[in-house]
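# What the coordinates show
Here is how the chains run, residue by residue.
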Amino acid sequence: MFSKSLKTTLAASVLATSGAAPAVADNLGAALVGSIIGGVIVNEAHKNRARKQPVTRKRTYSPARAQNRETQTALNYFGFQAGSPDGVMGRKSRAAVAQYQGHMGFPATGQLTQYERDFLVSSYSRAQIGGPQVIKAMQGPNGVRGLLRTWRDEATGTRSAGGYGSYGGLPFEVSEAVDEIAASADPSAEQLLQRSGFMQLADLNGDGKNDYMIDTSVSGSSFWCGASHCSVMVFASTPQGYQRNDFMARGVTTANFSCHQGVCRMSDEPASGTVQAAAPTPAPAPAPGGSVGGTVLASAPQVAAPAPAAGGLAALQLFQQPAPAANTASLTSHCSKVSLLTSSNGGYMTVSNLRDPELALGEQFCLTRSYAINSGEALVAKVQGVSQAQVDSQCDAFGPVVQPYLAKLGSTGSDALVSDLQKFVLQSNMSIEQLSNTAGICLFSGYRRDNMEVALGAALIMVGVGQRPYAELIGHHLAQGFGVAKSPEQAQGWYQTAIAALETGSEPVFAPGQPERLALIKAASAGLTGTIAQPVPASSTAAVLPSFSTD
């Protein structure tokens, strides 16, 4: 409000300039004062309205906060609780950083150096790939934290005696194998080490150091054993550490092995004193075709460690007789030849022109291989901070882990083996999604490098996690003999597993836009074993299968 003195002054000013009567001056002064007051009120109202309106600030992307969120996520994964990954490195996050630094042997400052951060984040990305090494780490006393020290030592070329899974002064490689066996057996690693015959020591390569033999039959787990033999691991000392050698046998001791530096072999004849006095059991005749059937091996007496009886020796000699060998040729080269034949024939073979079942399945094998490579490559592209060499290194660990299943492919039906694979999945302590992503990546890694053990093992894991259409790949491997002894008969069960899954509504994973493939695989797989396939209506096979098209 205006004061009386201001009103009087304004009126006097008007009177001095206009000469109007006092009444007019009063009215005019009042009008002027009213207009000024009204203007002030309006201005104040505008100011208040402007003051009440919320101020909208444009948010900009902050690379520093994004990096902090990455750091906090990685810290939380490895068990260093940094709280919600909000990108603000507050007191809780700094405490988690100090814990991480102390665990790794870095100065516990609470502030990460660039190397410490890069190592933490890349290790998190690497762990997301999963694989056997991650599974074993989860079983160890330090959990996934143990991976940090393991990968630090791997990067520097050193071994830490205090790393996860180290037992009583055993070499790192041997301790790691003990953890691997314990992960699929009821006894703990410590209990396994106390069992008689589980681990035997000897200088097998003559360098004056202890070498180690682990007999998995003592673990009591069927995971590592076939019908009549179990996995045996021999570790020979080298200047770079201990080198692992894997064998399939039963009732052997260190006397059955000899090593040159890190490479070991199983002797055809046992050393003196390893055979107990017993009447030898005549060896049954091999099955037709030169292979030794499961009944022949099972008929030989099984003798427990430490020394095999004569019957056990007979079983060992039978096991070493020649058996159908896996195709060692390059699958990449094979698919190049198949592609040339496909082109010269004017396109992919269909049910209507099926004249060579083996070539038709070869075309489909190479087609599915291409799809597996493309899908796995897309998964690898999503994993940040991990090199292709690191991916390949982790995928190479699939070989030893799935070896018991690979060994059963030629003698065990698909249903029984799928049941075993499901048990492995349940014991892995990894989520279905993580196992599936890992297997998909390792399919790419295996096929890209022509490593059939990795590729076939990854395909088995895919089936084990419930993705039954991948059984087609296993059928192709058995039918063509890549990575496993050729067996069209054994391939039938795996083809049927994939066909049944697709017929009951499973989503196709190979050439999803080409449902005609199902009829072709049915007919061609039946033709491999001389079975006459049922005729398929022409309407379902009218189109020629295109190459690599998903439209």
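Structure first, text after, so check above.
Reference entry: report on the structure contained in this document.

Procedures and definitions
- Residues numbered from 1 in each chain as written.
- Predicted model: local features only at pLDDT ≥ 70, side-chain atom pairs only at ≥ 80, totals over all residues.
- Heavy atoms only, no water.
- Helix = DSSP H or I, 4+ residues; strand = E, 2+ residues; numbered from the N terminus.
- Buried < 20%, exposed > 50% of the residue type's maximum accessible area, 1.4 Å probe, protein only.
- Contact = heavy atoms within 4.5 Å.
- Areas by Shrake-Rupley, 256 points an atom, 1.4 Å probe, with all protein chains shown as cover.
- Disulfide = S-S within 2.5 Å.
- Core = buried A, V, L, I, M, F, W, Y, C linked by side-chain atoms within 4.5 Å.
- Salt bridge = Lys/Arg side-chain N within 4 Å of Asp/Glu carboxyl O.
- Axes fitted to C-alpha atoms, helices over the stretch in contact; angles between N-to-C directions.
- Parallel < 35°, antiparallel > 145°, perpendicular 65-115°, else oblique.
- Left-handed = near helix turned anticlockwise from the far one by under 90°.
- Nonpolar A, V, L, I, M, F, W, Y, C, P; charged D, E, K, R; others polar.
- Pairing = 2+ DSSP bridges.

So, on to the overall build of the protein chain. Of regular secondary structure, the protein chain possesses 21 helices and six strands. When each of the 551 residues of the protein chain is scored for burial, the buried share is 46%. The contacts in the protein chain between residues at least 6 apart in sequence include a share of 58% that link residues at least 24 apart. Summing over all exposed atoms, the protein chain offers an accessible surface of approximately 26600 Å²; the carbon and sulfur share of this is 54%.

Here we take up the state of the cysteines. This model, assessed by the stated rule, comprises four disulfides. Here Cys259 is linked by a disulfide to Cys264, with a sulfur-sulfur distance of 2.0 Å. Between Cys259 and Cys264, the S-S dihedral sits near 100°, and the bridge is therefore right-handed. Taking relative accessible area as the criterion, Cys264 reaches 8% and is therefore assigned buried.

Another point: the nonpolar core. One broad trend across soluble globular proteins is that nonpolar side chains are buried collectively. Counting 87 residues, the largest nonpolar core has Ile214, Leu409, Leu443, Tyr447, Ile474 and Trp494 as the members making the most contacts within it. Ile474 has contacts with Leu409, Leu456, Ala459, Leu460, Val463 and Trp494, leaving out every residue within four places of it along the chain. Within the second largest apolar cluster, 18 residues are counted, among which are Leu75, Phe78, Met104 and Leu120.

With that settled, consider unusual backbone geometry. For Gln261, which is not glycine, the phi dihedral falls at a positive 55°. Tracing the chain through its elements places Gln261 in the loop between β5 (257–260) and β6 (263–266). Of the residues examined, Gln261 reaches a relative accessible area of 55% and is grouped as exposed. Backbone geometry places Ala511, a non-glycine residue, at a positive phi of 45°. According to the relative accessible area criterion, Ala511 is buried, its value standing at 4%.

One pass over the structure, following the stated rule, counts eleven salt bridges. For Arg117, the salt bridge goes to Glu70, with nearest N and O atoms at 2.9 Å. Here Arg117, found in helix α5 (residues 114–129), pairs with Glu70, found in helix α3 (residues 63–77); they are 47 residues apart in sequence, far enough to count as distant. We note a salt bridge from Lys522 to Glu503, for which the minimum N-O separation is 2.5 Å. Residue Lys522 is located in helix α21 (residues 517–528), and its partner Glu503 is located in helix α20 (residues 488–503); the two are separated by 19 residues in the primary sequence. Overall, the relative accessible area of 37% leaves Lys522 in the partly exposed class. Classification of Glu503 by relative accessible area gives partly exposed; the value is 46%.

With that settled, the discussion passes to the packing of helix α18 (residues 452–464) against helix α19 (residues 471–480). Look at α18 against α19: their axes get within 8 Å of each other, and the N-to-C directions meet at 140°. Our classification of the angle between α18 and α19 gives oblique. As α18 packs across α19, the resulting crossing turns out to be left-handed. In contact with Met452, Leu456, Ala459, Leu460 and Val463 of α18, α19 contributes Ala471, Leu473, Ile474 and His477. Each residue belonging to the contact of α18 with α19 can be placed in one class, and the counts come to eight nonpolar, one polar and no charged.

Here we have four strands laid out as an open sheet, ordered β1-β2-β3-β4, and antiparallel in their pairing. Since the sheet does not close on itself, it has two edges, and those belong to β1 (199–202) and β4 (241–249), each with one partner. Each neighbouring strand pair of the sheet contributes to a mean axis angle of 20°, computed without reference to strand direction. Here four bridges tie strand β2 (residues 211–215) to strand β3 (residues 230–238), and the two strands are oriented antiparallel to one another. Note on β3: the bridge partner recorded for Asp215 is Val232.

The next subject is the pairing of β4. In this structure, β3 lies alongside β4, joined through nine bridges in antiparallel fashion. What sits directly across from Ser237, in β4, is Tyr242. Where β3 folds back onto β4 in an antiparallel hairpin, the turn is made up of two residues.

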